[in-house]
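# Survey of secondary and tertiary structure
Given next are the chains, with one letter for each unit.
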Amino acid sequence: SGQLLDALAAHEGPVCALALDPRGGGGLASGSWDKTVRLWRVYRNELEETLEHNAEVLSVAYRRDGGQLVVACLDGSLRVWNSKTAKLLYTIDGARDLAKSDRFLAKRPKQEAPHFTCVTYSADGERILGGGSGRFVCCYQVEQQVLVA
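Notes on the structure follow. Residue numbers restart at each chain and count upward from 1, following the sequence in its written direction. Owing to the predicted nature of the model, reporting of local features is limited to residues with pLDDT of at least 70; listing and counting of side-chain atom pairs is limited to 80 or more, with chain, interface and lining totals taken over all residues. Heavy atoms from the whole structure form the basis of all side-chain values; hydrogens and water molecules are not counted.

### Some points on the pattern of salt bridges
Applied cut-off: In what follows, salt bridge is the name for a side-chain nitrogen of Lys or Arg lying within 4 Å of a carboxyl oxygen of Asp or Glu. Residue exposure (1.4 Å probe, protein chains only): buried if accessible area is under 20% of the type maximum, exposed if over 50%, otherwise partly exposed.
Summed over the entire model, instances satisfying the criterion amount to nine salt bridges. In this structure, Asp-34 engages Arg-38 in a salt bridge whose closest nitrogen and oxygen atoms are separated by 3.6 Å. Looking at Arg-38, the relative accessible area reads 10%, which means it is buried. The partner of Asp-124 in a salt bridge is Arg-127, and the shortest N-O contact between them spans 3.1 Å. Note on Asp-124: relative accessible area 46%, which makes it partly exposed.

Set out below in structure tokens:
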């Protein structure tokens, strides 16, 4: 009918990233410039968790089994969370790797760190791929937190 049925309201800044929990059940992760990711149960209009970050959130993605959530932030970091317990598992410094591509790019403002604007997991869930302000797609092995390609 084109009518707004409901709204999930909790963020204090623009929402720029959304990901549905692949486990079903109406799980949704929303990322915002307010430096948070909110985990929702959409069908109950219920906020379950708030994941705090040090910088604005740009992208979120669930691993295929729903057990992990990766968050890309404006400071260039990738943060990997256990989506069941809301515990931070790993932090990957992607800005360092993206900075290597800066020699191919026009000069960016000094206050802007290289950062990822999109992230996803590989099909097996063992790697995270990210692209953004650099010319390259970076591939990280999640548990070792190392750049592999």
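So much for the structure itself; the text now carries on.
### Some remarks on the pairing of strand β6 (residues 68-73)
Put simply, the rule is: Runs of E in the DSSP output that reach at least two residues are strands. Runs of H or I that reach at least four are helices, and both are numbered from the N terminus. Each pair of strands is called paired provided DSSP finds at least two bridges between the two strands.
By the criterion of burial, β6 is predominantly enclosed, with six of the six residues buried. Residues of β6 alternate between two faces, with Gln-68, Val-70 and Ala-72 on one and Leu-69, Val-71 and Cys-73 on the opposite face, all of them buried. Sheet analysis places strand β5 (residues 57-62) next to β6, joined by five bridges and oriented antiparallel. The partner of Ser-59 across the bridge, within β6, is Ala-72. Counting the residues between successive antiparallel strands, the hairpin from β5 to β6 contains five residues, one of them, Gly-66, with a positive phi of roughly 80 degrees. Looking at chain direction, β6 and strand β7 (residues 77-82) are connected through five bridges and run antiparallel. Bridge pairing in β7 links Gln-68 to Asn-82. Where β6 folds back onto β7 in an antiparallel hairpin, the turn is made up of three residues, including Gly-76, whose phi is positive at roughly 90 degrees.

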